[in-house]
Amino acid sequence: MSYSDSLDQAITTVKQQSILVQRSLAQRKLMDALRYSSIMLTELRNPKLLPKQYYELYIMIYDALTVLSNYLFENHPKKHHLADLYELVQYAGNVIPRLYLMITVGTTYLKCPDAPTNEILKDMLEMCRGVQNPIRGLFLRYYLSQRTKELLPENEVALNSQFIITNFIEMNKLWVRLQHQGPLREREQRTKERKELQILVGSQLVRLSQVIDDNLTMYKDQILPIILEQIVQCRDIVCQEYLFDIICQVFPDEFHLNTLDTLLETTLLLNTDISVNKLISTLVERLNGYLKRIEQQEITNQSKVDVFDVFWNYLNKLNEERPDLSISQMVSLIEIVLNLNLHWFPNNFENLNKVYELISTKCNDFDNNIPKETEFVFLNILTLQNFDFLDSNFYFKLVIECPAYSSLLSSQNSNLQTAAINKLLDVFITADNFVIDSKTQLESFLKLCEPLIKMKLKRALANESSPTNQSSNHPMDPFVVKNSTNVGQSGVSEEKQKISRENIDDLLSFDPNQEKLSKFIHILFNSVLKSTTFKKLESQVEILLIIKNWLYKGGKNITFTYPSVITNFWRLIRKASLFMNKIPKKKPYYENVIKQNFKYISRCTTEMFNICGAQSNDQVFKIILQTASLADQLEFGEIAYDFFSQAFTIFEECLTDSTTQFQELIYMAQILQRTRSLYKEDYYDSLIVRSTLHGSKLLKKQDQCRAVYLCSHLWWATEISSLGEEEGVTEDFFRDGKRVLECLQRSLRSADSIMDNVQSCELMVEILNRCLYYFIHGEEYETHVTVNYINGLIELIKTNLKSLKLGEEAQLSELRIDDNPRNVTKNTLVNGSDGNYVQIGDNNMNTTSTVLNPQSKLLRVSDLIQVPIQHFHRTCKYIVNQRDIDPRFETIVV
Amino acid sequence: MSSKKKTILKVIILGDSGVGKTSLMHRYVNDKYSQQYKATIGADFLTKEINVDGDRTATMQVWDTAGQERFQSLGVAFYRGADCCVLVYDVTNTKSFENIKSWRDEFLVHANVSSPESFPFVILGNKIDIEETKKVISVKSAQDLAKSLGNIPLFLTSAKSSINVDPAFEEIARSALQQNQNDADAFEEDFNDAINIQLDGEADSCAC
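Note that the coordinates shown come from a computational prediction; the quantities given were computed from them, not determined experimentally.

> Describe the overall build of chain B, listing the residues and the values that go with them.
Helix and strand counts for chain B come out as 6 helices and 6 strands. Scanning chain B from its N terminus toward the C terminus, one meets helices and strands in the order β-α-β-β-β-α-α-β-α-β-α-α. Burial analysis of chain B (208 residues in total) assigns 48% to the buried set. Of the contacts made within chain B by residues no fewer than 6 positions apart, 73% connect residues no fewer than 24 positions apart.

Right, dumping it as structure tokens:
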């Protein structure tokens, strides 16, 4: 008898023979049925079949033999005796068909009550030794196992498990032997086949698990030691990895919890090429799964073995016994134990600290030489980002209760540190529900942030290396004579403009790390304020100073981080002022606290100014002015004056770009106009005179003009309702109409002296608008802005506009052709207060507008002329409309 | 000839890991339940003698399978010849419910059944004993799915508390038997034509 050449043919044969078997049985021709069975089984002798193909045939044959078995059982002992048949099938010519038939008959016999069970089982097991070819032997023994599954004697656990173990040991040997068959070059093919066949060996452990059920003692004392002995002795990697996995999978959780030592011990005895990590990870996954299962099943009386302790001892032993393990392997292993602890004892930070300590020690053993490809493991260990069940509270404790964590973090390279800290800060920023109770805790957090604080920013380095920037980089030191000049020599100013534009770009491109750090500083300080330990204002101030001193280590970075400290000083000052008003007898105390805090702010801004250089001038200037405003609001006039003076110093010594100068001056005027505490000792007077003077000395005439007319408001205080002031009720507003008029006159002179007609006209219209403001807000005798003055100005504007139009017509006739298409899409232009033109969309509903640079090529003279003309028309229209409300407007001639 | 022969009904249970396939099988076959969790590797079956429609007896082969693919290293040849396929999900596990369709498709791809559109499936939503708040799959969405897959019978079961397991398997047995009958008839017709050619040649050549 021989087997088919192809799988398809073999399948056909098996199908046909199985039908023939069924027919023979239907006709009660048992001998024929056995013969057809034998032909069918011959297909299983084919040495060319791959494991999966063999399995396919096996499944079909199994079904056919089931039919045979049923027949044999139903007709025993009426038509035949199974004992006889058991002898009979031994005469089959080939060993494979013989043994399959023998097992079929033998197991059918087992169903009969009078069968000599033990003898049959023993004999079948013995006979299977006749097949030593791995694949055929494995399937034959699998057949034995499947057939006997439901027939092993009841209540004979020891005997049954012995039967299965014996079969398992033999199968394992066959399976391991397969690796060494055939030529060496087919090694990989063998390994692949073995991995496919593994299920047959593994199924024996499933059977064992079913047989011993929940008998832990038996498992622990008899079964597990034997299985592990087999695994250890075979020295085979595929076998060891697979069977260890299967042990974890098929035996119940309680067994593992009680045999952890043994299991872990075993991994130390295995082939050293094996991936210990894989084994341990399987075991840990299983144990973690156990927690989930007991939660789902609501079992409360579970045994919580101190699994961490067992694994911890194991780690230390492994560390001693396996110096060959690389840092990556070792750290990954520790990570697995970390994973275990986080699931089992999420609140045990002592364990965590131990783990991080061990990692640090390991890093030191390897001189902190961490391979690039292992970095992600470290990142996982440091951020624990894979454990989504950990909340911010956990991370909070991690930072303050695990010193080893922080020291491990600080020994990493800067990229890794930054990445890890960022992840951590993200957690804290999104959920700020923690409270900091001690300075030690605070220091832990600041230490955590140290790498971010001290981080060298690329930009900062670039600035240092750029020599062109040094002139604007000089510190705020009164003895350094400034060498920059305001004179508009084209070359110099162009270069300066370029530099300052770069600086602006720098400032706009935030460093995300510093931004996050600043956010975190707020969260951190808030969590200090929540604590009862730091209830006293003094202690809060002290904490803020500690934070400031840490940030100071960041050098130029303080330009990003100091504002978060300064704003908190503002906050403390306001708080102190509230207390001061509430508790009059402690007024001197709080007054002192407030003054101290203003000094600290001053320290901060001085440090920013000295360290950060030109790029932070604008920021320092604004912070100083805001602080001045705060001091004024709390009626600390002298302090406010002091801060204003500081602002002037920066303005005079360091702001060189004319656009910036103009803007900063306007900013200063806005703040000054709303101050109320500077009137004594003429502080206010001297400050506003000084700013107006600066305004009149700006580089560009249009800036001069605008700055001065805006400064005119400094002599015309308006109500601040939150202070209880009210127009018409409050008597003592700081107002000086004469000076207002002087300012307007001064700016009109500037406007008039501008050579560019369009500009000049536009500015005059703007001044006209100012005049109308004062006309509305005061009587003529107060403001000194009279009807005559306004009418005169309108006359002047009209005359100027007329000559402007003449010029335009002349120009238009020259450029008619060129201009034509533009008339179709004519947009309205207006002039912004910074001198830029703003193009307003055609459609009034559509508010999109574009800012155009004065040098823009999109601007044409013909369009520009429209700017003052339209502006003047709007103003006149306003005057006419105003007549309905205010009859004084009748006298204005438009 | 088949009047005497005892029919073997092959039933395959499929579903994600941990939905309770093994437990359902044990509950049905042995009326036992164990809290212990053991992963199933490979595939194996238990048999149960059953009475269908009062008079007929059959042997039901209930195949329990591994939900994890890595435990099916020899492939799924055992799908072949199945008479019914049981798709199980866990009412507290959305993923297991969403995978029902892919388990069905996977079965049809590998089982090589003669007419896929009429092949009997049964869906079981297991673990309904678990408290209401933990359930994530509504009866409605389960019914919708069963309907969309071709009016598949749906049972909500608990292997742990023995709820609805027997009725479910009665339905499974009925559809399996029906399928078995259809297949057997078709196979007979097929086979009668093809068989005689080889039979004559081989009948005497056998030596065993």
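> Go over the pattern of salt bridges with me, naming the residues and quoting the values.
Note on pairing: side chains with opposite charge can pair once their charged atoms come close. All names here are of chain A. Under the defined criterion, the tally for this structure stands at 41 salt bridges over all chains. Glu170 serves as the salt-bridge partner of Lys173, at 4.0 Å between the closest nitrogen and oxygen. Residue Lys173 and its partner Glu170 are located together in helix α8 (residues 157-178), separated by 3 residues, close to a single helical turn. You can call Lys173 partly exposed: its relative accessible area is 44%. The salt bridge partner of Asp324 is Arg322, with a shortest N-O separation of 3.0 Å. Within this structure, Glu126, Arg129, Glu170 and Lys173 form a network of salt bridges that share partners.

> Outline the interface of chain B and chain A, listing residues and values.
On the chain A side, the residues contacting the 47 residues of chain B number 60 residues. Counting each side, the surface lost to burial between chain B and chain A is near 4,400 Å², with a carbon and sulfur contribution of 55%. Our count for the chain B to chain A interface comes out at 4 salt bridges. Our count for the chain B to chain A interface comes out at 11 residue pairs in polar contact (both at pLDDT 80 or more). Contributing elements (two or more residues each) for the side of chain B that touches chain A: β1 (7-15), β2 (43-52), β3 (56-65), α5 (165-194) and α6 (196-203) of chain B. Of the residues forming the side of chain B that touches chain A, the biggest block, 5 residues, is contributed by β2(B).

> Kindly report on helix α2 (residues 30-42) of chain A, identifying the contributing residues and their values.
Residues and elements named next belong to chain A. Spanning 13 residues, α2 covers 18 Å between terminal C-alpha atoms, matching the ideal 18 Å at 1.5 Å per step. With 11 of 13 residues buried, α2 is to be regarded as a mostly interior element. Within the sequence span of α2, burial applies to Leu30, Ala33, Leu34, Arg35, Tyr36, Ser37, Ser38, Ile39, Met40, Leu41 and Thr42.

> Report on the sheet that holds β3(B), specifying residues and quantitative values.
Residues and elements named next belong to chain B. If you trace the 6 strands from one edge of the open sheet to the other, you get β2-β3-β1-β4-β5-β6, paired in mixed fashion. Of all the strands in the sheet, just β2 and β6 (154-156) have a single pairing partner and so form its edges. Taken pair by pair, the neighbouring strands of this sheet meet at an average axis angle of 25°, ignoring direction. Summarising the sheet, β1 and β3 pair through 7 bridges and their orientation is parallel. The residue of β3 that forms the bridge with Thr7 is Ala58. Together, β4 (84-90), β5 (121-126) and β6 form the strand contacts of helix α4 (residues 139-148), whose direction differs from that of β6 by roughly 155°.

> I'd like a rundown of the packing of aromatic side chains, residues and numbers included.
Taken as a whole and assessed by the stated rule, the structure comprises 49 aromatic pairs over all chains. Both rings, one in A:Tyr62 and one in B:Phe45, keep their centres 5.6 Å apart while their planes meet at 75°; by these two values the pair is edge-to-face. Highlighted residues: A:Tyr62 in helix α3 (residues 51-74) and B:Phe45 in strand β2, drawn from two different chains. Of the residues examined, A:Tyr62 reaches a relative accessible area of 5% and is grouped as buried. Measuring from ring centre to ring centre gives 4.1 Å for A:Tyr641 and A:Tyr683, while their planes differ by 15°; the resulting arrangement is stacked. You can see A:Tyr641 sitting in helix α29 (residues 637-654) and its partner A:Tyr683 sitting in helix α31 (residues 683-696), a full 42 residues away along the chain.

> Tell me about the nonpolar core, and name the residues and values.
Core analysis: the biggest nonpolar cluster contains 329 residues, and A:Tyr356, A:Ile547 and B:Phe107 have the highest contact counts within it. Here the element with the most residues in this core is α3(A); it accounts for 14 residues. Excluding residues that lie within four positions of it along the chain, A:Tyr356 makes contacts with A:Leu338, A:Ile381, A:Leu384, A:Leu398, A:Ala404, A:Tyr405 and A:Leu408. Residues B:Val29, B:Val88, B:Ala159 and B:Ala176 belong to the second largest nonpolar core, which totals 28 residues.

> Report on the packing of helix α1 (residues 7-26) of chain A against α3(A), specifying residues and quantitative values.
Residues and elements named next belong to chain A. Two numbers describe how α1 lies on α3: the axes approach to 10 Å, and their chain directions differ by 5°. As judged from the angle between their axes, α1 and α3 are roughly parallel. Of the residues in α3, those touching α1 at Leu7, Ala10, Ile11, Val14, Lys15, Ser18, Gln22 and Leu25 are Gln53, Glu56, Leu57, Met60, Ile61, Ala64, Val67, Leu68 and Tyr71. Of the residues contributing to the contact of α1 with α3, the split by class is 12 nonpolar, 3 polar and 2 charged.

> Could you give me a rundown of a negative patch on the surface, with the residues and numbers involved?
A surface patch of like charges, here negative, comprises A:Glu638, A:Asp642, A:Glu681 and A:Asp682. Residue class for A:Glu638 comes out partly exposed when judged on its relative accessible area of 49%.

> Can you lay out the side chain of A:Glu375 for me, pointing to particular residues and giving the numbers?
All names here are of chain A. Its location among the elements puts Glu375 in helix α17 (residues 375-383). For Glu375, a relative accessible area of 16% gives the class buried. Reaching out from Glu375, the side chain makes a polar contact with the side chain of Asn413 at a distance of 2.8 Å. Dropping the residues within four chain positions of it, Glu375 is found in contact with Asn413 and Leu416.

What counts and how
Residues numbered from 1 in each chain as written. Chains lettered and ligands numbered in written order. Predicted model: local features only at pLDDT ≥ 70, side-chain atom pairs only at ≥ 80, totals over all residues. Heavy atoms only, no water. Helix = DSSP H or I, 4+ residues; strand = E, 2+ residues; numbered from the N terminus. Buried < 20%, exposed > 50% of the residue type's maximum accessible area, 1.4 Å probe, protein only. Contact = heavy atoms within 4.5 Å. Salt bridge = Lys/Arg side-chain N within 4 Å of Asp/Glu carboxyl O. Buried area = accessible area lost by both parts, 1.4 Å probe. Polar contact = N/O pair within 3.5 Å; in protein donor to acceptor, adjacent residues only side chain to side chain. Expected span 1.5 Å × (residues − 1). Pairing = 2+ DSSP bridges. Axes fitted to C-alpha atoms, helices over the stretch in contact; angles between N-to-C directions. Phe/Tyr/Trp six-rings, centres within 6.5 Å; stacked < 30°, edge-to-face > 60°. Core = buried A, V, L, I, M, F, W, Y, C linked by side-chain atoms within 4.5 Å. Parallel < 35°, antiparallel > 145°, perpendicular 65-115°, else oblique. Nonpolar A, V, L, I, M, F, W, Y, C, P; charged D, E, K, R; others polar. Patch = residues over 30% accessible without salt bridge, like charges linked within 9 Å, V, L, I, M, F, W, Y side chains within 5 Å. Areas by Shrake-Rupley, 256 points an atom, 1.4 Å probe, with all protein chains shown as cover. Lys, Arg positive; Asp, Glu negative; His and termini not counted. Charge placed at Lys NZ, Arg CZ, Asp CG, Glu CD.

That's the geometry; what it means functionally is another story.
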